[in-house]
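# Understanding the architecture of this molecule
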Amino acid sequence: MAVLTVPDKDLRFTDPTEIAGQLDGVGIDYERWENLKQVSSDAADQEILDGYAGEIELLKQKGGYVTADVINIVPTTEGLDAMLNKFNKEHWHDEDEVRFIVKGHGLFHIAPENGDVVSIEMEAGDMIRVPRGTRHWFNLCGDKTVRAIRLFQDTSGWTPHYTDSGVDQSYQPLCFGVTYFPQNV
Ligand SMILES: [Fe+2]
């Protein structure tokens, strides 16, 4: 299950409805997609996209997304640490960051304009939409594995703009599993 924390207030939520409510308060969409049994998490990318075609279509209509793909990160992914070091510092994008987790885990920290920093540990079945311009950063968990459907309004917009605020240094990337600290490269 997903875990939402508000580290500065020492709050933790594990109920999906409460998590969705907390995130809605800071402009983030969170959903549980419950048809996980219908598609194996080890299926080919296209089978994953076909299996979730209904959910993907709804999101496309809602957010104007034009393409969807599947990203596969495993401990042996080439250049893993370099890739992660791009996204574990506070940044924002010109388009929404939409992720549905099929397998593994991911930890998002979100720094809303008005409100406390929240962290959300995502696992299979969790969908998050971080709107364009929202400051956030991302870490893997101890399994160093994440397989996720991504949706794009325009793939060229998905470039990180760094804030260089250093705020990410104030929050430990804690997952329920063993936390993974990438080596600096
Ligand atoms: Fe991002």
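Structure: above.
Residues numbered from 1 in each chain as written. Predicted model: local features only at pLDDT ≥ 70, side-chain atom pairs only at ≥ 80, totals over all residues.

### Digging into the overall build of the chain
Each helix and strand counted, the chain has four helices and eleven strands in total. In terms of overall size, the chain behaves like a compact globule, its C-alpha atoms giving a radius of gyration of 15 Å where 185 residues would be expected to give roughly 16 Å. Its C-alpha atoms give the chain principal-axis dimensions of roughly 40 × 35 × 30 Å. The buried share of the chain, taken over its 185 residues, is 33%. A sequence separation of at least 24 residues applies to 78% of the contacts in the chain between residues at least 6 apart. (Helix = DSSP H or I, 4+ residues; strand = E, 2+ residues; numbered from the N terminus. Rg over C-alpha atoms; globule rule 2.2 N^0.38 Å. Buried ≥ 20, exposed ≤ 12 C-beta atoms within 10 Å, placed from the backbone. Contact = placed C-beta atoms within 7 Å.)

### Looking at the pairing of strand E9 (residues 135–139)
Counting buried positions along E9 gives five out of five residues, so the element sits mostly inside the fold. Of the two faces of E9, both are covered, the one formed by Arg-135, Trp-137 and Asn-139 as well as the one formed by His-136 and Phe-138.

### Examining unusual backbone geometry
With phi around 60 degrees, Asp-10 is a residue other than glycine that occupies positive phi space. Not every positive phi belongs to a glycine, and Lys-144 is a case in point at roughly 50 degrees. With respect to the helices and strands, the residue Lys-144 is situated in the loop between E9 and strand E10 (146–152).

### Concerning the environment of Asp-126
With respect to the element layout, Asp-126 can be found in strand E8 (residues 126–130). Judged by the 23 C-beta atoms lying within 10 Å of it, Asp-126 falls in the buried class. Not counting chain neighbours up to four residues away, the residues in contact with Asp-126 comprise Ala-2, Arg-32 and Ile-101.

### What to know about the pairing of strand E6 (residues 97–111)
Of all 15 residues making up E6, 14 are buried, and the element is well covered by its neighbours. As judged from the four bridges shared by E6 and E8, these two strands associate in the antiparallel manner. Within E8, the position partnered with Glu-97 by the bridge is Val-130. Where E6 lies against E10, six bridges are found, and the strand directions are antiparallel. Within the sheet, the bridge partner assigned to Ile-101 lies in E10 and is Ala-148. Two strands pair when backbone bridges link them, and E6 and strand E7 (residues 118–123) are joined in this way by six bridges, in the antiparallel orientation. Across the sheet, residue His-109 finds its bridge partner in E7, namely Ser-119. (Pairing = 2+ DSSP bridges.)

### Regarding the environment of Val-117
Relative to the assigned elements, Val-117 resides in the loop between E6 and E7. Exposure remark for Val-117: the 22 C-beta atoms within 10 Å place this residue in the buried category. C-alpha of Val-117 to C-alpha of Lys-144: the two residues are 27 residues apart in sequence and 23 Å apart in space. With near-sequence residues (within four places) excluded, Val-117 lies in contact with Pro-7, Asp-8, His-109, Ile-110, Ala-111 and Tyr-171.

### Some thoughts on the nonpolar core
Formed by 37 residues in total, the largest nonpolar core has its most connected members in Phe-100, Phe-108, Ile-110, Ile-120, Ile-128 and Ile-149. Elements represented by at least two residues in this core include exactly helix H1 (16–24), helix H3 (53–63), E6, E7, E8, E9 and E10. Among the elements that line this core, the one with the most residues is E6, at eight residues. Once you skip the residues sitting within four places of it in the chain, Ile-128 turns out to touch Ile-28, Asp-29, Tyr-30, Arg-99, Phe-108, Ile-120 and Met-122. (Core = buried A, V, L, I, M, F, W, Y, C linked by C-beta atoms within 7 Å.)

### Describing the environment of Gly-64
Summarising the element assignment, Gly-64 is placed in the loop between H3 and strand E4 (67–73). Remark: the alpha-carbon pair of Gly-64 and Leu-151, spanning 87 residues in sequence, is separated by 9.5 Å.

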